[in-house]
Amino acid sequence: MRQPGQGWRIVIIIAPDLTLSSWILAEVRGDNYFMKQGSTQNNIGAEKSESSAEDALQQSKGDTLNPHGSEHDELRALRDRLAAQSGVVTHLGRTLLAAGASAYLVKFSMARLANAVGIEAQHSQVTFSEIVTSVYAHGTFRTESHEQRTFGTNAARLDDLRLFVRALKPGLLVEDAQQRIDEIVHRKPPYPAVINCLASGVACAGFCFLNRGGLVECLVVAIAALCGQILRRAMLKRHANHFGVWMLCGLLASLIYMGVSQALVLTGLVSVGHPQGIISAVLFLVPGFPLVTAILDLVRMDFLAGISRMTYVIMLVISAGISVWMIATLFQWHIDPPTAFPVTGVALYLLQFTCSVVASFGFAVLFSIRPQVAICAALVAGFANVGRLFLVTQGMLPQAAVGLAALTIGIVAHFISRLSGFRFSRTSLTVPAVVIMIPGVPLYAAITHLSNGDIPQATAALVQVFFVVLSIGVGLAISRMLTDPGWRIDRDTAQPRLLEKTGWNDGNRRFQMR
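Keep in mind that what you see is a predicted model, and the values were worked out from it rather than measured. (Residues numbered from 1 in each chain as written. Predicted model: local features only at pLDDT ≥ 70, side-chain atom pairs only at ≥ 80, totals over all residues. Heavy atoms only, no water.)

## Section: the overall build of the chain
- Assigned secondary structure in the chain consists of 19 helices and six strands.
- In the chain, buried positions account for 49% of the 514 residues.
- The long-range share in the chain, meaning contacts at least 24 apart out of those at least 6 apart in sequence, stands at 69%.
- Summed over all atoms, the accessible surface of the chain reaches about 25100 Å², with 62% contributed by carbon and sulfur. (Helix = DSSP H or I, 4+ residues; strand = E, 2+ residues; numbered from the N terminus. Buried < 20%, exposed > 50% of the residue type's maximum accessible area, 1.4 Å probe, protein only. Contact = heavy atoms within 4.5 Å. Areas by Shrake-Rupley, 256 points an atom, 1.4 Å probe, with all protein chains shown as cover.)

Here's what the structure looks like:
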């Protein structure tokens with residue numbers, strides 16, 4: 001009997017193997033379901049009806065829980081394929097991030113590779129040390145999160161991976177992509193360890209003259225920076241903490257400069273200037289490539305990557321600055337640079353050009369930039385830096401001169417990259433050229449003044465450093481916006497097909513990843 005307030009729901013299931021239809025009455029009472037069945041003929045028909053009803057319910061549950069139906073093997077194969085596709089895309093992103101790529105380049109490259117291997121949609125979040133990516137294909141999705149603990153700069157690898165991504169076409173096999181990436185990763189660096197260490201000494205020696213040091217100071221700085229770079233390579237090879245490495249290398253370079261210079265002074269043959277030398281000896285520790293990359297990340301509004309990378313840069317500078325402060329305090333040295341160059345006239349501009357070229361080329365070697373690109377970057381740096389110094393002597397504000405020089409470097413780098421068929425990346429051309437304009441001496445001097453409690457001088461030095469670095473970022477950003485539609489027009493890096501369908505690809509105006 002039906003109770004008051006309750007109702008009956010009738011479900012009729014037609015089974016093709018029964019002579020007569022069976023019916024099932026379902027009485028709903030709260031969360032309890034009571035199944036009652038009856039038959040119009042005999043018990044055999046009722047048993048067959050019950051079996052058909054159970055099969056129908058099981059099939060309905062399977063269709064609800066499994067969107068691909070009962071084809072479990074096919075679904076497993078599709079998921080395995082998506083896992084392989086996601087794995088190679090993430091591998092590319094981690095390789096780029098370990099080589100020092102910007103967040104924009106990482107996300108753009110991952111999206112292009114995802115499109116090439118058959119992934120329907122791909123979204124990623126990139127910071128300085130982490131990658132989170134989600135891929136969608138075959139009616140399912142996969143999300144991966146990876147932590148990247150290898151920090152460094154390898155511009156040659158970045159250029160090779162950039163060319164690999166530019167040449168991607170749809171239909172690429174996962175195995176072929178993985179093999180190609182592994183081949184690039186296992187290539188030998190463009191310079192042996194000996195050349196790398198010598199480049200550190202040569203670059204800092206060039207910096208020393210630009211910081212108004214003399215010949216003797218430049219030679220001593222070269223020795224100190226060479227020893228410091230040897231120690232840094234040895235410690236990084238053993239995966240030591242970067243902040244400890246920077247502190248110990250700065251301490252070693254400062255001590256060597258102090259020891260050699262004091263020995264020369266005791267001989268009475270020459271006099272060595274301490275201020276321009278002790279700071280120039282640790283300028284190989286200035287993280288120029290991460291600094292420029294962090295600026296570009298912030299301009300692209302990749303704030304997670306930009307802020308975290310800039311924090312890393314600041315902590316490295318502080319670590320090296322503590323070493324300079326310890327030596328300067330221990331031996332009571334003042335570290336403010338002299339106000340005049342040791343030479344004047346035409347000879348000054350020739351030496352400034354030569355030292356700018358040498359310093360820029362040395363830093364290009366430290367960044368593992370290939371010789372052809374390094375030579376081009378060094379020549380651009382020579383002309384731009386001499387022009388900047390000339391404008392400053394004519395009364396232009398230092399930050400305005402730096403911004404104009406950075407803008408010029410960015411535009412010239414674009415045309416060099418275009419003439420090379422985009423084999424030379426603009427990042428590899430611009431970073432060594434602008435890194436010699438980073439005010440390393442005021443930066444480390446500010447840290448020392450702060451440690452000594454000299455707040456006015458520390459504040460003046462920090463303000464100078466801030467505006468110069470800001471001017472470098474503004475100049476590079478304007479040059480990118482003027483020459484690259486990918487920077488002039490904000491686009492979703494997760495949709496590579498949309499990038500290729502824009503008007504900038506019409507005719508000869510093909511969109512190029514630089």
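Picking up where we left off.
## Quick word on the sheet that holds strand β5 (residues 130-137)
- Ordered by their spatial adjacency, three strands build an open sheet running β4-β5-β6, and the pairing between neighbours is antiparallel. Edge positions in the open sheet fall to β4 (121-126) and β6 (140-147), since each of these has one partner strand only. The average angle at which neighbouring strand axes cross in this sheet is 10 degrees, direction not considered.
- Relative to β5, β4 is paired through six bridges, and the arrangement is antiparallel. Bridged to A121 within β5 is Y136.
- Packed onto the sheet, helix α2 (residues 72-98) meets β4, β5 and β6 and runs at close to 30 degrees relative to β6. (Pairing = 2+ DSSP bridges. Axes fitted to C-alpha atoms, helices over the stretch in contact; angles between N-to-C directions.)

## Considerations on the packing of aromatic side chains
- What the rule picks out here adds up to 13 aromatic pairs.
- Members of the aromatic cluster, joined through ring pairs, are F128, F151, F243 and Y312.
- A cation sits over an aromatic face here: R300 above W487, 5.5 Å from the ring centre. (Phe/Tyr/Trp six-rings, centres within 6.5 Å; stacked < 30°, edge-to-face > 60°. Lys NZ or Arg CZ within 6 Å of the ring centre and 35° of its normal.)

## Regarding the side chain of S360
- Here S360 shows up in helix α12 (residues 346-366).
- Of the residues examined, S360 reaches a relative accessible area of 0% and is grouped as buried.
- Reaching out from S360, the side chain makes a polar contact with the backbone oxygen of P432 at a distance of 3.0 Å.
- Not counting the four nearest positions on each side in its chain, S360 is found in contact with A377, A378, A381, P432, A433 and I436. (Polar contact = N/O pair within 3.5 Å; in protein donor to acceptor, adjacent residues only side chain to side chain.)

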